[in-house]
Amino acid sequence: MSAFLRIRQLLSPLASSYRHVRLSRPYATEVPNPSTSAQERTSTPFVRIVDGLYKTYKPITPSIRHLRRPLTPYLYPGRPLRLLTRPQRSSGGRNANGRVTVRGRGGGHKRRLRDIDFMRIEGGIRDVVRIEYDPGRSGHIALLKSRDPHSKQPWSYILAPEGLRAGHSVQSFRDGIPDGLVPGFVDMGKQGKGQIGKVTAAAVAPEEDAGPRFMGHSEDSLALGQLRAITLKSGNVLPLRLIPAGTHIHALALHPEKKMALIRSAGSYGIVVAHDERSAYAQVRLQSGEIRKVLKDCPATIGRVGNIFHDKIVLAKAGRSRWLGRRPKVRGMAMNAVDHPHGGGRGKSKGNKHPRSPWGWLTKGKRTRKPGPKGPKNSNKMVIKERPRGVERREGRKI
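The rules behind each value
Residues numbered from 1 in each chain as written. Predicted model: local features only at pLDDT ≥ 70, side-chain atom pairs only at ≥ 80, totals over all residues. Heavy atoms only, no water. Helix = DSSP H or I, 4+ residues; strand = E, 2+ residues; numbered from the N terminus. Contact = heavy atoms within 4.5 Å. Areas by Shrake-Rupley, 256 points an atom, 1.4 Å probe, with all protein chains shown as cover. Pairing = 2+ DSSP bridges. Axes fitted to C-alpha atoms, helices over the stretch in contact; angles between N-to-C directions. Buried < 20%, exposed > 50% of the residue type's maximum accessible area, 1.4 Å probe, protein only. Polar contact = N/O pair within 3.5 Å; in protein donor to acceptor, adjacent residues only side chain to side chain. Core = buried A, V, L, I, M, F, W, Y, C linked by side-chain atoms within 4.5 Å. Salt bridge = Lys/Arg side-chain N within 4 Å of Asp/Glu carboxyl O. pLDDT = per-residue confidence, 0-100. Phe/Tyr/Trp six-rings, centres within 6.5 Å; stacked < 30°, edge-to-face > 60°. Lys NZ or Arg CZ within 6 Å of the ring centre and 35° of its normal.

### Overview of the overall build of the protein chain
For step 1, the next point in the chain: Scanning the protein chain for helices and strands turns up 5 helices and 18 strands.
For step 2, the next point in the chain: Taking as baseline every contact in the protein chain between residues at least 6 positions apart, the subset at least 24 positions apart corresponds to 55%.
For step 3, the next point in the chain: For the protein chain, the exposed area adds up to about 26,600 Å²; of that, 53% sits on carbon and sulfur atoms.

Next comes the structure, spelled out in structure tokens:
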């Protein structure tokens, strides 16, 4: 074999690999930049991420041209825990006599109601298994699993506050702070004495073993600071007497022994304004801007309800409203005179009448109920400041 053929055989593997490289990369490609934002990495030719908050779609069909949904990559894609659900029976907006009492309802997809724990009676640490979608409410829900093997309610659903994710843990201190949670701290509120807590004598070390000495009420402040570091976490339940002023809360109860009924929709929150030292009430500003008195023993959940961009959803077509059980709404001027005060007449006319509801109530700002201090005597003595209305509301003044 000649030397020329020998050299050719030795170079043939290099030549074949070179041809392979040239064919696999016929043009210049961009080198991935590790500093590229997550927004650009998750966008696809058919899905576009807007401001890292919303998801829009390429309008290959008319039904998704204006569709906009918030980003929820943390939601569990499967079905709920059937043990904590029950079937929902739809009435279509009709009462027992079959007459329509609530207009605009009917149809929709079949649903199952999730049993949400609004009492949170059992204490102990509960782990967040997953965050789920709930068709019965605007906010998301969290599935909890108790660490206590002897728990009477090992599984439960709660409202998922903003920032709560799978792997986190929450606790309920509805009945007060258990003894021994914070060294030396005793919750006097459980004994009905109207106090937050105090430091016991056992918490103070002997003089010969003591390190830095505290002056005055420093022991109380230290124990209270440790208590708040442990308890003031998103998703924990505490009585109002243990929540400092300025804290965001949701799922507030109006009675110490009843379920949490206020501030439960998506993105809503209340603020603990002040604690009245001379009475058993605390002042809470609700989402509407109303400030009212609530008993200090009433429980509330720390944090803000999740899914804060729920109101920014664009359904983009009428069919999605029908899937949600919402029927079309007809204008009053398009009805007959017998059906609505704006109905009847020739052409678009409502007879120089002020805007009214189908039952004759004035609708453009007329006060039909006077709650709070300005209303009838003893109508609602708990309201300190009414919610803003009219010009005050439009200007954004809630306090």
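### Observations regarding the sheet that holds strand 3 (residues 68-70)
For step 1, the next point in the chain: The 3 strands lie next to each other as 1-2-3, forming an open sheet whose pairing is antiparallel. The outermost strands of the open sheet, each flanked by one partner alone, are strand 1 (47-50) and strand 3. On average, adjacent strands in this sheet sit at an angle of 30 degrees to one another, irrespective of strand direction.
For step 2, the next point in the chain: When strand 1 meets strand 2 (residues 54-57), the two strands line up antiparallel, connected through 4 bridges. Across the sheet, the residue bridging to Ile49 is Lys55, located in strand 2.

### What to know about the side chain of Ser151
For step 1, the next point in the chain: Inspection of the secondary structure assignment puts Ser151 in the loop between strand 7 (141-146) and strand 8 (155-159).
For step 2, the next point in the chain: Since its relative accessible area comes to 14%, Ser151 is described here as buried.
For step 3, the next point in the chain: Here Glu122 takes part through its side chain, which lies 2.6 Å from a polar atom of the side chain of Ser151.
For step 4, the next point in the chain: Separated by 3.2 Å, the side chain of Ser151 and the backbone nitrogen of Gln153 make a polar contact.
For step 5, the next point in the chain: With residues up to four places along the chain from it excluded, the contact list for Ser151 reads Glu122, Arg126 and Ser146.

### Comments concerning the environment of Pro178
For step 1, the next point in the chain: Along the polypeptide, Pro178 turns up in the loop between strand 9 (169-171) and strand 10 (185-186).
For step 2, the next point in the chain: Its relative accessible area of 40% is what places Pro178 among the partly exposed residues.
For step 3, the next point in the chain: With 54 residues separating them in the primary sequence, Pro178 and Gly124 have C-alpha atoms 9.9 Å apart.

### Points about the nonpolar core
For step 1, the next point in the chain: Ile177, Leu238, Leu240, Ile243, Ile249, Leu252 and Val284 are the most contacted members of the largest nonpolar core, which totals 21 residues.
For step 2, the next point in the chain: At the level of secondary structure, the elements contributing two or more residues to this core comprise helix 3 (218-231), strand 15 (281-285) and strand 17 (299-302).
For step 3, the next point in the chain: Setting aside residues no more than four positions away along its own chain, Val284 makes contact with Leu240, Ile249, Leu252, Ile271, Val273, Glu290, Ile291, Arg292 and Val294.
For step 4, the next point in the chain: Core analysis: the second largest hydrophobic core is formed by 9 residues, Ile131, Leu144, Leu164 and Val170 among them.

### Notes on the pairing of strand 7
For step 1, the next point in the chain: Most of strand 7 sits inside the fold, with 5 of its 6 residues counted as buried.
For step 2, the next point in the chain: The pairing of strand 6 (residues 125-132) with strand 7 spans 6 bridges and is classified as antiparallel. Bridge pairing in strand 7 places Glu132 opposite Ile141.
For step 3, the next point in the chain: The sheet contact formed by strand 7 and strand 8 spans 5 bridges and is antiparallel. Looking across to strand 8, one finds that Leu143 is bridged to Tyr157.

### What to know about the sheet that holds strand 7
For step 1, the next point in the chain: The strand order across the open sheet formed by 4 strands is 8-7-6-9, and the pairing between neighbours is antiparallel. Each end of this open sheet is capped by a strand with a single partner; those strands are strand 8 and strand 9. With strand direction ignored, the average angle separating the axes of adjacent strands in the sheet is 40 degrees.
For step 2, the next point in the chain: In this sheet, strand 9 lies alongside strand 6 in antiparallel orientation, the contact comprising 3 bridges.

### Brief notes about the pattern of salt bridges
For step 1, the next point in the chain: A complete count under the given rule lists 11 salt bridges for this structure.
For step 2, the next point in the chain: We note a salt bridge from Asp134 to Arg137, for which the minimum N-O separation is 2.8 Å.
For step 3, the next point in the chain: Measuring nitrogen to oxygen at the nearest pair gives 3.6 Å for the salt bridge that ties Glu392 to Lys385.
For step 4, the next point in the chain: Accessibility expressed as a relative area gives 27% for Glu392, which makes it partly exposed.
For step 5, the next point in the chain: Where salt bridges share partners, they join Asp187, Arg241 and Asp297 into one cluster.

### Some words on the confidence of the model for the protein chain
For step 1, the next point in the chain: When pLDDT is averaged along the protein chain, the result is 83; 79% of the residues meet or exceed 70.
For step 2, the next point in the chain: Confidence drops under pLDDT 50 across residues 14-41; counting only partners more than four residues distant or on other chains, this segment forms 5 contacts.
For step 3, the next point in the chain: When the criterion is pLDDT under 50, residues 199-216 qualifies, and its contacts beyond four places in sequence or with other chains add up to 12 contacts.

### Points about unusual backbone geometry
For step 1, the next point in the chain: Phi angles above zero are rare outside glycine, and Arg120 is one such case at about 50 degrees.
For step 2, the next point in the chain: For Arg120, the position within the fold is in the loop between strand 5 (112-114) and strand 6.
For step 3, the next point in the chain: The backbone phi angle of Ala251 is positive, close to 50 degrees, even though this residue is not glycine.
For step 4, the next point in the chain: For Ala251, the location among the structural elements is in the loop between strand 13 (248-250) and strand 14 (270-275).

### Structural notes on the packing of aromatic side chains
For step 1, the next point in the chain: Counted under the stated rule, the structure contains 1 aromatic pair.
For step 2, the next point in the chain: Seen from their ring centres, Tyr54 and Phe309 are 5.6 Å apart, and the 75 degrees between their planes marks the pair as edge-to-face. Taken as a pair, Tyr54 in strand 2 and Phe309 in the loop between strand 17 and helix 4 (318-323) lie far apart in primary sequence, 255 residues in all.
For step 3, the next point in the chain: Taking the ring centre of Tyr76 as reference, the NZ or CZ of Arg130 above it sits at 4.1 Å.
For step 4, the next point in the chain: Over the ring of Phe118 we find Arg264; its NZ or CZ atom is 3.9 Å from the centre of that ring.

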